[in-house]
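Tertiary structure, described
The residues making up each chain are set out below.
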Amino acid sequence: MLLNIRNQGGSYINRHLKWFVILLLFFTLTISCPLSIFAEQKTYKIAGESLLPPFSYENDQGKLSGLNIELMNKVAKENGVHFTYIPMEMPDAERALKNKF
């Protein structure tokens with residue numbers, strides 16, 4: 001009789017253990033794979049020298065362009081952030097950093 005109770009209890013535990021493991025896997029995968037739709041996109045301001053072609057220069061629309069800007073856009077895309085570029089000369093950029101932009 002004691003042996004019979006152990007077998008019934010064992011199958012009860014095995015059934016529930018299986019569901020526990022499945023739920024644990026589900027929650028672990030859900031937490032470890034964040035959904036990008038819930039992620040907030042961060043925007044960073046970047047001051048750039050506009051007199052350094054081909055690395056950075058102001059295009060016809062007055063926006064910064066060049067190799068450095070293209071590289072930073074690729075970095076932003078890979079990391080899920082956004083950069084806003086502000087044309088500035090170096091002394092103005094240093095002053096803006098000291099004043100916390």
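Scroll up for the structure.
Reading guide: rules and limits
Residues numbered from 1 in each chain as written. Predicted model: local features only at pLDDT ≥ 70, side-chain atom pairs only at ≥ 80, totals over all residues. Heavy atoms only, no water. Helix = DSSP H or I, 4+ residues; strand = E, 2+ residues; numbered from the N terminus. Buried < 20%, exposed > 50% of the residue type's maximum accessible area, 1.4 Å probe, protein only. Contact = heavy atoms within 4.5 Å. Areas by Shrake-Rupley, 256 points an atom, 1.4 Å probe, with all protein chains shown as cover. Salt bridge = Lys/Arg side-chain N within 4 Å of Asp/Glu carboxyl O. Phe/Tyr/Trp six-rings, centres within 6.5 Å; stacked < 30°, edge-to-face > 60°. Pairing = 2+ DSSP bridges. 1 Å grid on protein atoms, 1.4 Å probe; cavity = no way out; pocket = protein on both sides within 12 Å on 5 of 7 lines; lining within 4 Å. Points joined across faces, edges and corners; volume = space filled by probe spheres on them. Expected span 1.5 Å × (residues − 1). Core = buried A, V, L, I, M, F, W, Y, C linked by side-chain atoms within 4.5 Å.

Attention now moves to the overall build of the chain. Summing up its helical and strand segments, the chain has three helices and five strands in all. Considering the chain as a whole, with its 101 residues, one finds that 15% of them fall into the buried category. Across the chain, the fraction of contacts at a sequence separation of at least 24, relative to all contacts at a separation of at least 6, is 49%. When the accessible surface of the chain is split by element, carbon and sulfur atoms take 64% of a total near 9000 Å².

Turning to the pattern of salt bridges, a few remarks are in order. Tallied over the entire structure, the rule returns one salt bridge. The partner of Arg 95 in a salt bridge is Asp 92, with the nearest N and O atoms 3.0 Å apart. One end of the pair, Arg 95, and the other, Asp 92, are both in helix α3 (residues 90-98), three residues apart, so they sit about a helical turn from each other. Judged by relative accessible area, Arg 95 falls into the partly exposed class, the value being 48%. Asp 92 sits in the partly exposed class, given a relative accessible area of 35%.

Here we come to the packing of aromatic side chains. Summed over the entire model, instances satisfying the criterion amount to two aromatic pairs. Taken together, a centroid distance of 6.4 Å and an interplanar angle of 65 degrees make the contact between Phe 83 and Tyr 85 edge-to-face. Tyr 85 carries the same exposure label as Phe 83, and that label is buried. Through a chain of ring-to-ring contacts, the aromatic side chains of Tyr 44, Phe 83 and Tyr 85 assemble into a single cluster.

Omega for the bond connecting Pro 53 with Pro 54 falls within 30 degrees of zero, at 5 degrees, which places this linkage in the cis form. Among the structural elements, Pro 54 can be located in the loop between β2 (51-52) and β3 (56-58).

The subject of this paragraph is the sheet that holds β2. Across the sheet, which stays open at both edges, the three strands sit in the order β2-β3-β4 with antiparallel pairing between neighbours. The open sheet has two edge strands with one neighbour each: β2 and β4 (64-65).

On to the layout of surface pockets. Roughly 170 Å³ of volume is contained in the largest pocket. Lining the largest pocket we find 15 residues, and of these Ala 47, Gly 48, Glu 49, Ser 56 and Asn 68 sit closest to its centre. When contributions to the lining of the largest pocket are tallied by element, the ones reaching two or more residues are β1 (42-48), α2 (67-79) and α3.

With 13 residues, α2 ought to run about 18 Å at 1.5 Å a step, and its terminal C-alpha atoms sit 19 Å apart, in line with that. One or two residues past the end of α2 sits Gly 80, with phi positive at roughly 70 degrees.

Once that is clear, we can look at the nonpolar core. Core analysis: the biggest nonpolar cluster contains six residues, these being Leu 64, Ile 69, Ala 76, Val 81, Phe 83 and Tyr 85. Of all the secondary-structure elements, those providing two or more residues to this core are α2 and β5 (81-87). Considering every element that reaches this core, the biggest residue donor is β5, with three residues.

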